[in-house]
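The primary structure of each chain is shown beneath.
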Amino acid sequence: TQLLEQSPQFLSIQEGENLTVYCNSSSVFSSLQWYRQEPGEGPVLLVTVVTGGEVKKLKRLTFQFGDARKDSSLHITAAQPGDTGLYLCAGGSSIQGAQKLVFGQGTRLTINP
Amino acid sequence: DARVTQTPRDKVTEMGQEVTMRCQPILGHNTVFWYRQTMMQGLELLAYFRNRAPLDDSGMPKDRFSAEMPDATLATLKIQPSEPRDSAVYFCASGGGNYGYTFGSGTRLTVV
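One structure accompanies this document, and this report is about it. In this text the structure is predicted, and so the values were computed from the model without any measurement.

Below, the discussion takes up the state of the cysteines. All names here are of chain A. The tally for this structure, following the rule as stated, stands at two disulfides over all chains. A sulfur-sulfur separation of 2.0 Å characterises the disulfide bridge that pairs Cys23 with Cys89. Judged by the torsion about the S-S bond (75°), the Cys23/Cys89 disulfide is right-handed. Taken as a pair, Cys23 in strand S3 (residues 19-24) and Cys89 in strand S9 (residues 85-95) lie far apart in primary sequence, 66 residues in all. For the pair Cys23 and Cys89, one class covers both residues: buried.

Right under this line is the structure:
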């Protein structure tokens, strides 16, 4: 069974601070996706990384896929209250042309004004 | 924006009753997933389909859960009989062959 462990599970910081969320596994994935979920809604895709060592930036968010494609990190610079939410990483395995996704437990991020 | 539509949004039912949840994937998407989310377990994969064919439903309790795609515009998840431990938010997601998936807003199921 493929498992993804996210850390920390909860993080509460002040506006303007930087933070990093980690997603680790002993399994190799063909892709790693990050989602953000608001209360009462489904997860929304932020980014997909597919190459070991790949780095993608989305405004103040930086995503990195580990060289061995077993882990990933999400770094937020100068966090804002609008970044508050549940951040989920999902590892993808290619099965018959589809990416089967296994999710981590999530990191609940709170940015205080 | 294209959306995945799930109905009903909320469902409260008594233990032992049948529950059917419906999902309309984004037109043209050929991969459909069903997930269940609880505070304790997080997001668990129940089943997924590609081109309407089931690829994997090993995450579902087979004796009471069933998932089908009667056509390309409808996916259903049925629980019969329902139990209190089935209380959760059930999400449908669809994808078009690339790596990104779009989730619906979920069906919040409460079994009393």
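The final tally for this structure, using the stated rule, is 10 salt bridges over all chains. A salt bridge links Glu54(A) to Lys56(A); the nearest nitrogen and oxygen atoms lie 3.8 Å apart. The salt bridge involving Asp86(B) is made with Arg64(B); its shortest N-O contact spans 2.6 Å. You can see Asp86(B) sitting in the loop between strand S8 (74-79) and strand S9 (88-95) and its partner Arg64(B) sitting in the loop between strand S6 (53-56) and strand S7 (65-71), a full 22 residues away along the chain. Note on accessibility: Asp86(B) and Arg64(B) belong to one class, buried. Within this structure, Arg64(B), Glu83(B), Arg85(B) and Asp86(B) form a network of salt bridges that share partners.

Moving on, we get to the sheet that holds S7(B). All names here are of chain B. Ordered in space as S1-S3-S8-S7, the four strands form an open sheet in which the pairing is antiparallel. With one partner strand each, in any of the chains shown, strand S1 (5-7) and S7 form the two edges of the open sheet. Averaged over all adjacent pairs, the angle separating strand axes in this sheet is 20°, with direction ignored. Note that strand S3 (residues 19-24) and S8 share five bridges and pair antiparallel. Across the sheet, the residue bridging to Met21 is Leu77, located in S8.

Quick notes on the rules
Residues numbered from 1 in each chain as written. Chains lettered and ligands numbered in written order. Predicted model: local features only at pLDDT ≥ 70, side-chain atom pairs only at ≥ 80, totals over all residues. Heavy atoms only, no water. Disulfide = S-S within 2.5 Å. Helix = DSSP H or I, 4+ residues; strand = E, 2+ residues; numbered from the N terminus. Buried < 20%, exposed > 50% of the residue type's maximum accessible area, 1.4 Å probe, protein only. Salt bridge = Lys/Arg side-chain N within 4 Å of Asp/Glu carboxyl O. Pairing = 2+ DSSP bridges. Axes fitted to C-alpha atoms, helices over the stretch in contact; angles between N-to-C directions.

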